[in-house]
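A look at the structure
Now for the letters of each chain:
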There are 2 protein chains.
Amino acid sequence: MTAPLRIALAGLGTVGTGVIRLIEENGAMIEQRAGRPIVVSAVSARDRTRDRGIDLSAYPWFDTPAALTEQADVDCVVEMIGGADGTALELARKSLAAGKSFVTANKAMIAHHGMELAKTAEAGNLSLRYEAAVAGGIPVIKGLRDGASANRIERVYGILNGTSNYILTEMEKHGHAFDDVLKEAQAIGYAEADPGFDIDGVDAAHKLAILSALSFGKALDFEGVEIDGIRNIMAADIGQAKALGYRIRLLGMARIDDGKLFQRVNPYLVPESHPLAHIDGATNAVVAEGNFSGRLMFQGAGAGEGPTASAVVADLIDIARGDAGTVFATPASQMEPCERAESGNRVGKSYVRFIVADRPGVLAEITAAMRDADVSIESLIQTEKTSEGSVLLSMVTHDSRECNVLKSLAALSSSASLQAAPVVMHLLSDQD
Amino acid sequence: MTAPLRIALAGLGTVGTGVIRLIEENGAMIEQRAGRPIVVSAVSARDRTRDRGIDLSAYPWFDTPAALTEQADVDCVVEMIGGADGTALELARKSLAAGKSFVTANKAMIAHHGMELAKTAEAGNLSLRYEAAVAGGIPVIKGLRDGASANRIERVYGILNGTSNYILTEMEKHGHAFDDVLKEAQAIGYAEADPGFDIDGVDAAHKLAILSALSFGKALDFEGVEIDGIRNIMAADIGQAKALGYRIRLLGMARIDDGKLFQRVNPYLVPESHPLAHIDGATNAVVAEGNFSGRLMFQGAGAGEGPTASAVVADLIDIARGDAGTVFATPASQMEPCERAESGNRVGKSYVRFIVADRPGVLAEITAAMRDADVSIESLIQTEKTSEGSVLLSMVTHDSRECNVLKSLAALSSSASLQAAPVVMHLLSDQD
């Protein structure tokens, strides 16, 4: 089999140009490993005249992505446009309808439309691959789909957003406030001008929903992910967690609880003995716990031109080799929807932090509300005066039902003693 | 494709029974993921009467492994006998000659005969898979062969022997002597009665040679691995490394230096900022640095029934799916032998520890020998009296050629001041 795999690239931003650069630089090696060459037969992007730092003259240009799907000399379309719907989705549908395999780096589209696209691909015996959509250059999709394939996965979780992890670890290192670190991160290009997608957990939730479908064989359910981000975390929270032997990390966490699917993106207190506590900066890491493999962890760069291109081209090599196997490990037609677990029924320790007025009786008021909701306090970590004269009050609960913790906070919501909404984070445990 | 993949198991020790247990327990899920069932059609082991804790009555028994290769209803033979040669090798050759795919957990056999077997398998268009041979349950073979396939790998290295890592981290935690920790490890089954294979680096070298062939596409060269183990490491070395911000880990390290292959198993001083410094206990971890992916790390359990069975069955699922691709990523017929790099030409910092007599002039004698060999000393870390009245003297060199460090020690070898052979370890750096 020496006929080349002929690909069309849609979107020539950072990732698209990275893919071209990679294929040009590592082409001979790729041909050896794939058993045949991978050649770029067509490209398409919005602006033909933009200087992308690479010579595109050798590659036939098309003004619309849709035109790529009509080329007889294209075996596989690579989508690097982005966005859950619109052009990218239209391209995915048209490519598969035209009998072409499809590779994408688009986590939003897979999170929202992965089931539909997987069914179409499998019905047509075509490949649909998306290694670059989750955790950038880390081959975690292949790690789960192929590497851990013999296991029932007990839970899958990890650090899925590099921007948030960068901000948290910078706050940890320097003790700076969230807003200041966010501004620094924006200045050096580690955070977008509009950072909500990253710091509010949506990006991590897209990736989590994909990992979850792959791990549990249940229908992908992005809407079922409970999402919370890192905007309300203060440097004092990080310091107090540290005093307890924990680091704060934004985790995506998915597991099956009594046959129900639990999926959440939330800042967690991660014990220092856990490998995720040592993942710093923009690095991503995914943990999968299998019933035979035990705990596996995959870590590396979660974004960037090189890592993302590495993942895209690895998918192309798989396709060139004639790799079989389904999109999400389990055939899409067999992936049933799964009832959602009630997170409130989960039992564990929580970290709760209040900002309160500095006056007598406040602690009694708070502890009474917690007692009334059946939440007992393991330790009151510390109280600390803010520059505004308020007091920060942090505590860790004993194992409690999460709904009871929330009930205690609801009872306090109208209290004049609280000067801001309390912040709740869960402590990562082996049962979490 | 619903015809089952019919397998024969040779060897029913821990791993073999683990494979049966896994297939029985996760069978329905495996059938979904593989697209067809995996069934055990034949088994063979030395002792039919031994109680293995599982019911073998459903599986046709054969007294010799060779008989498995003659069964028409066997598609794939799984070898879990062990040993580089003898029965295991004969079985591999016969299986491939009989047109059966072959899966093995046998690192010694692949390290010694991998090239021959790969050529035979590829010539016959058969699968030869060995995920369980390296790093137990961690899917690092697939991680390199499929996940990082688009990259030129700059270097591959890691913690490849769980026993050694367990001993080193126990010494680190408790400050105990090597011999005491080894005895404890033997008592709880973490080290063999004859521990040489693990603690002298041979086991790690087998795995390193395999990773190296897979990463660089050069002929597998186990004989070319320089090997040193951990027997001579003292608790004081670990303490002094720690004071410098390093942890001592037995690493396998391979890279291509100016077109020459460098492979070494050696204790290294790993900086605390490096993810390998946080791998404790019997855990394994492999780092691959790709020219596009950047640094990838894979970690998990390096041994044990469950993890090893997980790796073996993942290989079987690949084969059941009809997975293509070559044994070592590069076709075996194209893997040329590679000239070996001279480790002495490598430049870096070294840690050197002497045990010397406590008398005037010793330090002058040592530092003069180092000066004469062009080795300059960055820091004299500490001198410490032993209970026998000797003095431990540890130092870190500036960047030096390794052969010069060895030359300085050779010049001192007949010195009456030295009471034991000096210990040299290298500091892991980004160039190492």
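Every chain is numbered independently, its residues counted from 1 as its sequence is written. Key to labels: chains lettered from A, ligands numbered from 1, both in the order written. Reporting in this predicted model follows two pLDDT cut-offs: at least 70 for local features of residues, and 80 or more for side-chain atom pairs to be given and counted; totals over whole chains, interfaces and linings ignore these cut-offs and use all residues.

Here we come to the overall build of chain A. In terms of regular secondary structure, chain A is built from 14 helices and 18 strands. The globule rule puts the C-alpha radius of gyration for 432 residues at 22 Å, and the 24 Å found for chain A is close to it. The principal-axis extent of the C-alpha atoms belonging to chain A is close to 80 × 45 × 35 Å. Residue burial in chain A is summarised as follows: out of 432 residues, 55% are buried. We call two residues in contact when the distance between their C-beta atoms, placed using the backbone, is within 7 Å. Pairs at least 24 residues apart make up 75% of the contacts formed inside chain A by residues separated by at least 6 positions. Numbered from the N terminus, helices here are DSSP runs of H or I no shorter than four residues, and strands are runs of E no shorter than two. We take the radius of gyration over the C-alpha atoms and set the globule estimate at 2.2 Å times the residue count to the 0.38 power. Any residue whose C-beta has 12 or fewer other C-beta atoms within 10 Å is treated as exposed, any with 20 or more as buried, and any in between as partly exposed, C-beta atoms being built from the backbone.

Moving on to the pairing of strand β1 (residues 5-10) of chain A. Residues and elements named next belong to chain A. Within β1, five of the six residues are buried, which leaves the element mostly enclosed by the surrounding structure. Examined bridge by bridge, β1 and strand β2 (residues 38-44) share six bridges and lie parallel to one another. Note on β2: the bridge partner recorded for Ile7 is Val40. Any two strands are treated as partners once DSSP identifies two or more bridges connecting them. Pairing geometry for β1 and strand β4 (residues 76-79), over four bridges, is parallel. By the bridge assignment for β4, Ala8 is matched with Val77.

Now for the sheet that holds β2 of chain A. In a beta sheet, neighbouring strands pair by backbone hydrogen bonds and run either parallel or antiparallel. Residue and element names in this part refer to chain A. Pairing is parallel across the open sheet formed by six strands, whose spatial order is β3-β2-β1-β4-β5-β6. Both edges of this open sheet fall to β3 (61-62) and β6 (128-129), since each of them pairs with a single strand only. Of the strand pairs in this sheet, β4 and strand β5 (residues 101-104) are connected by four bridges, and their pairing is parallel. The partner of Cys76 across the bridge, within β5, is Ser101.

Rotating chain A by 180 degrees and moving it 0.0 Å along the rotation axis overlays it on chain B with an RMSD of 0.0 Å. What the rotation and shift describe, once combined, is the action of a two-fold rotation axis. Comparing interface residues between copies, 100% of those in chain A also sit at the interface in chain B, which points to an isologous, same-surface contact. We place the copies in one frame by least squares, fitting the C-alpha atoms of every residue whose pLDDT is at least 70 in both.

Taken together, the contact between chain A and chain B spans 49 residues of the former and 49 residues of the latter. Residue polarity follows a fixed list, in which Ala, Val, Leu, Ile, Met, Phe, Trp, Tyr, Cys and Pro are nonpolar, Asp, Glu, Lys and Arg are charged, and the others, Gly among them, are polar. Here the side of chain A that touches chain B is composed, by residue class, of 21 nonpolar, 20 polar and eight charged. Sheet analysis places strand β12 (residues 294-301) of chain A next to strand β12 (residues 294-301) of chain B, joined by three bridges and oriented antiparallel. In the sheet register, Phe298 of chain A faces β12 of chain B, and the bridge partner there is Phe298 of chain B.

Residue and element names in this part refer to chain B. Strands sit in the order β3-β2-β1-β4-β5-β6 across an open sheet of six strands; the sheet is parallel. Looking at strand neighbours, the two that pair on one side only are β3 (61-62) and β6 (128-129), the edges of this open sheet. Sheet topology places strand β5 (residues 101-104) next to β6; two bridges connect them, and they run parallel. Of the residues in β6, the one forming a bridge with Val103 is Arg129.

Time to look at the pairing of strand β9 (residues 246-257) of chain A. Residues and elements named next belong to chain A. With 10 of 12 residues buried, β9 lies mostly within the body of the structure. Looking at chain direction, strand β7 (residues 153-159) and β9 are connected through four bridges and run antiparallel. Each bridged residue has a counterpart across the sheet, and for Tyr157 the counterpart in β9 is Met253. As defined by bridge partners, β9 adjoins strand β10 (residues 260-271) across 12 bridges and the pair is classed as antiparallel. The partner of Met253 across the bridge, within β10, is Arg264. Linking β9 to β10, which pair antiparallel, is a turn of two residues; within it Asp258 sits at a positive phi near 45 degrees.

Residue and element names in this part refer to chain A. Expected helix span is computed as 1.5 Å times (number of residues minus one). Over its 17 residues, helix α12 (residues 305-321) extends 24 Å from the first C-alpha to the last, a length consistent with the 24 Å expected when each residue adds 1.5 Å. For α12, a buried count of 16 out of 17 residues is recorded, marking the element as mostly surrounded by other parts of the structure. Of the residues one or two after α12, Gly322 is the one with positive phi, at around 85 degrees.

Now for the domain arrangement of chain A. Residues and elements named next belong to chain A. Note that domain bounds follow an automatic or database assignment of domains. Domain boundaries in chain A define domain 1 (5-136 + 308-324), domain 2 (141-301) and domain 3 (343-427). Here the C-alpha centre of domain 2 lies 27 Å away from the C-alpha centre of domain 1. With 13 residues of domain 1 at the interface, the matching set in domain 2 holds 15 residues.

Residues and elements named next belong to chain A. Residue position: Tyr59 is located in the loop between β2 and β3. A count of 18 C-beta atoms within 10 Å places Tyr59 in the partly exposed class. In this structure the C-alpha to C-alpha distance between Tyr59 and Arg129, which are 70 residues apart in sequence, comes to 23 Å. Once residues within four sequence positions are removed from consideration, Tyr59 is found in contact with Val40, Ala42 and Val43.

All names here are of chain B. Lines fitted to C-alpha atoms define the axes, with helix axes restricted to the stretch in contact, and inter-axis angles between N-to-C directions lie between 0 and 180 degrees. Contact geometry for helix α3 (residues 86-97) and helix α4 (residues 107-123): axes closest at 10 Å, N-to-C directions at 10 degrees. One finds that α3 runs roughly parallel with respect to α4. Where α3 approaches α4, its residues Ala88, Leu89, Ala92 and Leu96 are matched on the opposing element by Met109, His113, Leu117, Thr120 and Ala121. In the contact of α3 with α4, the residues fall into seven nonpolar, two polar and no charged. With respect to orientation, any angle under 35 degrees is reported as roughly parallel, any angle over 145 as roughly antiparallel, any angle of 65 to 115 as roughly perpendicular, and every other angle as oblique.

Residue and element names in this part refer to chain A. Phi angles above zero are rare outside glycine, and Asn125 is one such case at about 55 degrees. Summarising the element assignment, Asn125 is placed in the loop between α5 (107-123) and β6. Owing to 9 C-beta atoms within 10 Å, Asn125 belongs among the exposed residues under this scheme.

To continue, consider the environment of Ala254 of chain B. All names here are of chain B. In this fold, Ala254 is placed in strand β9 (residues 246-257). Taking the C-alpha atoms as reference, Ala254 lies 31 Å from His174; in sequence the two are 80 residues apart. Those residues in contact with Ala254, other than ones at most four positions away along the chain, are Arg155, Val156, Tyr157, Leu208, Leu211, Ser212, Ser215, Phe262 and Gln263.

Here chain A averages 95 in pLDDT, while 99% of its residues score no lower than 70. Interface confidence in the predicted complex, given as ipTM, is 0.95; pTM for the same model is 0.96. Every residue is assigned a pLDDT by the predictor, reflecting its confidence on a scale from 0 to 100.

Residue and element names in this part refer to chain A. Between helix α6 (residues 140-147) and helix α10 (residues 202-216), whose axes approach to 9 Å, the crossing angle comes to 10 degrees. Here α6 lies roughly parallel to α10, going by the angle between them. In this structure, α6 contributes Ile141, Leu144 and Arg145 to the contact, and α10 contributes Leu211, Leu214 and Ser215.

Glancing now at the environment of Thr326 of chain A. Residues and elements named next belong to chain A. Inspection of the secondary structure assignment puts Thr326 in the loop between α12 and β13 (347-348). For Thr326, a count of 22 C-beta atoms within 10 Å gives the class buried. Sequence spacing of Thr326 and Ser127 is 199 residues, and the spatial spacing of their C-alpha atoms is 7.8 Å. Setting aside anything within four residues of it in sequence, one finds Thr326 in contact with Glu122, Pro331 and Ala332.

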